[in-house]
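Architecture and fold: a report
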Amino acid sequence: MKLIIAMIQPHKLPDVKKALFEADVHKMTVTNALGCGQQRGFSETYRGVITEVNLLKKVRLEIAVNEEFVEPTIKAIIRGAKTGNIGDGKIFVTTLDECIRIRTGEKGSAAIG
Amino acid sequence: MINAGDTAFVLLSAGLVMLMTPGLAFFYGGMVRRKNILGVLMQCFTALCVITLQWVFFGYSLSFAPGTGFWGGLQWLGLNGVGLEPNADYAGTIPHQAFMIYQAMFAIITPALIIGAFAERMKFSAFLVFSILWATLVYNPVCHWVWGVGGWLRNLGVLDFAGGIVVHINAGIAALVTALVIGKRKNFGHHPIPPHNLPFTALGTGLLWFGWFGFNAGSALAANGLAVNAFVVTQIAAAAGGLSWAFIEWYLNGKPTIFGTVSGAVAGLATITPAAGFVGPIPAVVIGLFASVFCYIAVAYIKPKLGYDDSLDAFGVHCIGGIFGSLAVGFFASKAINPAGADGLFFGNAHQLKIQAIGVLATAAYSFIATFIIYKVIDAVIGVRVSEKEESLGLDLAQHREGAYTVLE
Amino acid sequence: MKLIIAIIQPDKLEDVKDELYHADVNLITVSEVMGHGRQKGVTEVYRGAKEMGNLLRKIRLEIAVNEEFVESTIKAIVKGAKTGETGDGKIFILDLAECVRIRTEERGTIAIG
């Protein structure tokens, strides 16, 4: 089992969701986040006083999947989120030691799907 | 003789000016970090409650009852003798109580303006004591000097139509003093402290702008041509101020901002206040345009250079605006607009400019010294500033045990 | 590759960011969370009704790094966030199985930097 965490551009969320649904990945958690990578921040001005802002708005996806879904999920996220510009985001894959469905108490890969 | 139209107009204006304090609460509330917005709202609404009672018990008497050149007498304590008959000294066509409650709204918003200077770090208990003492020892005397019968600045011939000196300079100087003595917010200058909800600030500006018609036009105390003049120039100066600030930013920083535009509108409004009953429409345009120029310089250049933390620019916008407006009266005032006023420098009377300068300096000096003493006394007795830990947690939770926004749900 | 997750005090975010930049760690994701450990929350009172507000506002940082950056990242977070009081926060370190840069589809350690 793997936990896939992806940081994407907020305006690409609908595309990524659509791509994931097409890849039969229906379960995810989405949160608002701030982040910075190679994409440089920008400066904001408040009453004439300039302020550097280096954290930009991002959307964070968390998706827990069984091994055979790892590659299709990664491909789907790339398909939905890629524009070729800096700031497209990143996908992290971590191993997931355990997964439990709260309602039934099922564990492991049965609980994920 | 009570005039129904005048009475209706002044009562309505009093309602409009009352709305300015909640408007100010949102104007300021949007500028602080979200852990402190309730602290700001609480201070504004508390001023609304506390100063109303202070005004009724003794504030009105100290401000407007016949007395010495410095203070009003005590004969109107508890509104004794302030009835429904007109008082010819102030407004001959409306009940005396209508004048009293209209003036009460001015007494409320003035200490509320100072909140911008010490936002995000003052104890609520200290604020409570400060606002009562400041209203009594600073607002009431200065109000009497300029507007009360027998007040020494009034006798001198100082013109302040709707409170540029009494309200904006007075509160603005007090703001500078409190910002200096309470010290900077933790991390100020080290990290940016951006406003948390600029839509609230824009909403607050809308309420302030709306209420300002009551503030300025209502100061005619009658539904007459003078009130119309004040109404018209108020709108013009606010518009010129907002546009001017936006263009300054556009030119200097590359983009016009909503925060700048609303700040400019408020600067224009504060600046036209003392002049609203003495100048015509075209001088109002000039006043509005330059209001933003001066306030922008104060906020964007002078404040960072001197390093004081006037957190929400109560001094930079209100005091600078009030000073410029009060001096502008000395330039632009015309008897053609208001026969009860005087001519300014541009209409051949240089003397008026000198009188206006005396009014500005005397008020600024008194407010500076008196505010400093009041602050130091309160600090010695109960302490003014919250602890560092409470400042990190935010005033909402630390001082009021409630939160403005939930993170979850 | 490791994924470092840190929970810190909200008003320490700017300090931690500064320290991370000094340590040459430029890629972070920030989100707002609620949490509590040993630090007690503040009881809130709404129109007389008490509510045990034992969850406090916290900031969550996620930083994906290659092995050689793990220690310096931890040190930077501690340096920026430590006050010595309860509530300073915690740092978790997870193994990262895969990392994909969406724009280029690069994978592994070169995708992280």
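Quick caveat, the model's predicted, so the values are computed rather than measured.

1. As for the overall build of chain B
- Along its length, chain B carries 14 helices and zero strands.
- For chain B, the succession of helices and strands along the chain, N to C, is α-α-α-α-α-α-α-α-α-α-α-α-α-α.
- Seen through its C-alpha atoms, chain B measures out along the principal axes to roughly 60 × 50 × 40 Å.
- Excluding contacts between residues fewer than 6 apart, the proportion of contacts in chain B whose partners are at least 24 apart in sequence is 75%.
- Here chain B has roughly 14,500 Å² of accessible surface; of this, 72% comes from carbon and sulfur atoms.

2. Structural notes on the overall build of chain A
- When helices and strands are tallied, chain A shows three helices and six strands.
- Taken from the N to the C terminus, the helices and strands of chain A come in the order β-α-β-β-β-β-α-β-α.
- Radius of gyration (C-alpha) of chain A: 17 Å, far over the 13 Å computed for a compact globule of 113 residues.
- Each principal axis of the C-alpha distribution contributes one length, and for chain A these read about 60 × 30 × 20 Å.
- By residue count, 47% of the 113 residues in chain A fall in the buried class.
- Long-range contacts, defined here as pairs at least 24 residues apart, represent 69% of the contacts in chain A between residues at least 6 apart.
- Accessible surface for chain A amounts to roughly 5,800 Å². Of this, 54% is attributable to carbon and sulfur atoms.

3. Here's the deal with the pairing of strand β2 (residues 28–35) of chain C
- In terms of strand pairing, strand β2 (residues 29–36) of chain A meets β2 of chain C through three bridges, oriented antiparallel. Pairing of L34 of chain A across the sheet is with V30 of chain C, part of β2 of chain C.
- Sheet analysis places β2 of chain C next to strand β5 (residues 56–65) of chain C, joined by seven bridges and oriented antiparallel. Paired with S31 of chain C across the strands is R60 of chain C, a residue of β5 of chain C.

4. Description of helix α12 (residues 350–381) of chain B
- Under the 1.5 Å per step criterion, the end-to-end length of α12 of chain B is 47 Å for 32 residues, consistent within 8% with the ideal 46 Å.
- One or two steps after α12 of chain B, the chain reaches G383 of chain B, where phi turns positive at roughly 80°.

5. Regarding the environment of W245 of chain B
- Relative to the elements of secondary structure, W245 of chain B occurs in helix α8 (residues 225–253).
- Given the relative accessible area of 0%, W245 of chain B is considered buried.

6. Focus: the interface of chain A and chain B
- Taken together, the contact between chain A and chain B spans eight residues of the former and 19 residues of the latter.
- The junction of chain A with chain B conceals about 930 Å² of combined surface from both sides, 63% of it contributed by carbon and sulfur atoms.
- Considering only the surface of chain A that becomes buried against chain B, T45, Y46 and R47 of chain A emerge as the three largest contributors, covering 72% of it.
- Where chain A meets chain B, there are zero salt bridges.

7. Focus: the packing of aromatic side chains
All names here are of chain B.
- Applying the stated criterion across every chain yields a total of 33 aromatic pairs over all chains.
- On the basis of an interplanar angle of 55° and a centroid distance of 5.0 Å, the ring pair of W145 and Y366 is categorised as tilted. With W145 in helix α4 (residues 124–147) and Y366 in helix α12, this residue pair connects regions lying 221 residues apart in the sequence.
- Classification of W145 as buried rests on a relative accessible area of 4%.
- An aromatic cluster of at least three residues, connected via ring pairs, comprises W55, Y60, F64, W76, Y90, F99 and Y139.

8. Notes on the confidence of the model for chain B
- Of the residues in chain B, 99% reach a pLDDT of 70 or more, and the chain-wide mean stands at 94.
- Both confidence scores are given for the complex: pTM 0.88, ipTM 0.76.

9. Considering the side chain of T273 of chain B
Residues and elements named next belong to chain B.
- Note on placement: T273 falls in the loop between α9 (258–272) and α10 (281–306).
- Using a relative accessible area of 0% as the deciding quantity, one classes T273 as buried.
- In this structure the side chain of T273 is engaged in a polar contact, spanning 2.9 Å, whose partner is the side chain of W212.
- Contact partners of T273, with chain neighbours within four places excluded, come to F161, A162, G163, G164, H168, W212, F215 and N216.

10. Topic: the packing of helix α6 (residues 164–182) of chain B against α12 of chain B
Residue and element names in this part refer to chain B.
- At their nearest, the axes of α6 and α12 sit 8 Å apart, and the two run at 40° to each other. Taken together, the axes of α6 and α12 lie oblique to each other. Regarding α6 and α12, the two cross each other, and that crossing is right-handed. On the side of α6, the interface is formed by I165, I169, N170, I173, A174, V177, T178, V181 and I182, while α12 contributes G359, V360, T363, A364, S367, F368, T371, F372, Y375 and K376.
- Of the residues in the contact of α6 with α12, the class split is twelve nonpolar, six polar and one charged.

11. Brief notes about the environment of P66 of chain B
Residues and elements named next belong to chain B.
- Counting through the fold element by element, P66 comes out in the loop between α2 (37–64) and α3 (96–118).
- P66 sits in the partly exposed class, given a relative accessible area of 37%.
- Along the primary structure P66 and G150 are separated by 84 residues, whereas in three dimensions their C-alpha atoms are 6.6 Å apart.
- Excluding anything up to four places from it in sequence, P66 contacts G72, G73, Q75, W76 and V149.

12. Here we look at the nonpolar core
- Within the largest apolar cluster, 130 residues are counted, with the highest numbers of intra-cluster contacts made by Y28, Y60, F64, Y139 and F215 of chain B.
- Here this core takes 16 residues from α3 of chain B, the largest share from any one element.
- Residues A19, I63, I78 and V93 of chain A belong to the second largest nonpolar core, which totals 22 residues.

13. A closer look at the interface of chain C and chain A
- Residue-level contacts link 27 residues of chain C with 31 residues of chain A.
- Approximately 2,400 Å² of surface area, both sides summed, lies buried where chain C meets chain A, with 57% of it carried by carbon and sulfur atoms.
- Sorting the residues of chain C by area buried against chain A places V100, I102 and R103 of chain C first, and these three jointly supply 29% of that buried surface.
- At the junction of chain C and chain A, the tally comes to three salt bridges.
- Put simply, E62 of chain C and R60 of chain A hold a salt bridge, and the shortest N to O gap is 2.5 Å.
- Joining chain C to chain A, the criterion identifies ten residue pairs in polar contact (both at pLDDT 80 or more).
- Only α1 (13–22), β2, β5, β6 (89–101) and α3 (109–112) of chain C provide two or more residues apiece to the side of chain C that touches chain A.
- Counting residues per element, the side of chain C that touches chain A draws most heavily on β6 of chain C, which supplies seven residues.

14. Comments concerning helix α2 (residues 67–81) of chain A
- For α2 of chain A, with 15 residues, the first-to-last C-alpha span of 22 Å sits near the 21 Å given by 1.5 Å per residue.
- If you check which residues of α2 of chain A are buried, you get V70, T73, I74, A76, I77, I78, G80 and A81 of chain A.

The rules behind the values
- Positions within a chain are numbered from 1, following the residues in the order the chain's sequence is written.
- All chains are assigned letters beginning with A, and all ligands numbers beginning with 1, in the order in which they are written.
- The predicted nature of this model means local features are confined to residues of pLDDT at least 70 and side-chain atom pairs, given and counted, to a pLDDT of 80 or more, with totals for whole chains, interfaces and linings taken over all residues.
- The side-chain numbers reported here are obtained from all heavy atoms of the structure, hydrogens and water having been left aside.
- Where helices and strands are cited, they refer to DSSP runs of H or I of at least four residues and of E of at least two residues respectively, numbered from the N terminus.
- The contact criterion used is simple: two residues touch if any of their non-hydrogen atoms lie within 4.5 Å.
- To measure how exposed things are, a 1.4 Å probe is used in the Shrake-Rupley method; for residues, cover is taken only from the protein chains shown.
- With C-alpha atoms as the basis for the radius of gyration, the globule rule is written as 2.2 Å multiplied by the number of residues raised to the power 0.38.
- Buried, partly exposed and exposed residues are distinguished by accessible area as a fraction of the type maximum, computed with a 1.4 Å probe on protein chains only: under 20%, between the cut-offs, and over 50%, respectively.
- Two strands make a pair as long as DSSP finds a minimum of two bridges between them.
- Under the convention used throughout, the expected extent of a helix is 1.5 Å for every residue step, that is, one less than its residue count.
- Buried area, as used here, totals the accessible surface that two parts lose on assembly, with accessibility defined by a 1.4 Å probe and the loss added over both.
- The salt bridge definition used is simple: a Lys or Arg side-chain nitrogen within 4 Å of an Asp or Glu carboxyl oxygen.
- Only rings of Phe, Tyr and Trp enter the pairing, Trp through its six-membered ring, and a pair is recorded when the two centres are within 6.5 Å. The plane angle decides the type: under 30 degrees is stacked, over 60 is edge-to-face, the rest tilted.
- Values of pLDDT, which run from 0 to 100, indicate the predictor's confidence residue by residue.
- Contacts described as polar in this section are N or O atom pairs within 3.5 Å, which, within protein, must combine one atom able to donate a hydrogen with one able to accept it, while residues neighboring in sequence count only if both atoms come from side chains.
- To get an axis, a line is fitted to the C-alpha atoms, and for a helix only the part in contact is used. The angle between two axes follows their N-to-C directions and goes from 0 to 180 degrees.
- Angle categories are assigned with fixed cut-offs, so that under 35 degrees is roughly parallel, over 145 is roughly antiparallel, 65 to 115 is roughly perpendicular, and the rest are oblique.
- A clockwise turn of the near helix away from the far one marks a right-handed crossing, whereas an anticlockwise turn of less than a right angle marks a left-handed crossing.
- Each residue is assigned to one class: nonpolar for Ala, Val, Leu, Ile, Met, Phe, Trp, Tyr, Cys and Pro, charged for Asp, Glu, Lys and Arg, and polar for all the others, Gly among them.
- Note on terminology: a nonpolar core comprises buried Ala, Val, Leu, Ile, Met, Phe, Trp, Tyr and Cys residues joined through side-chain atoms within 4.5 Å.

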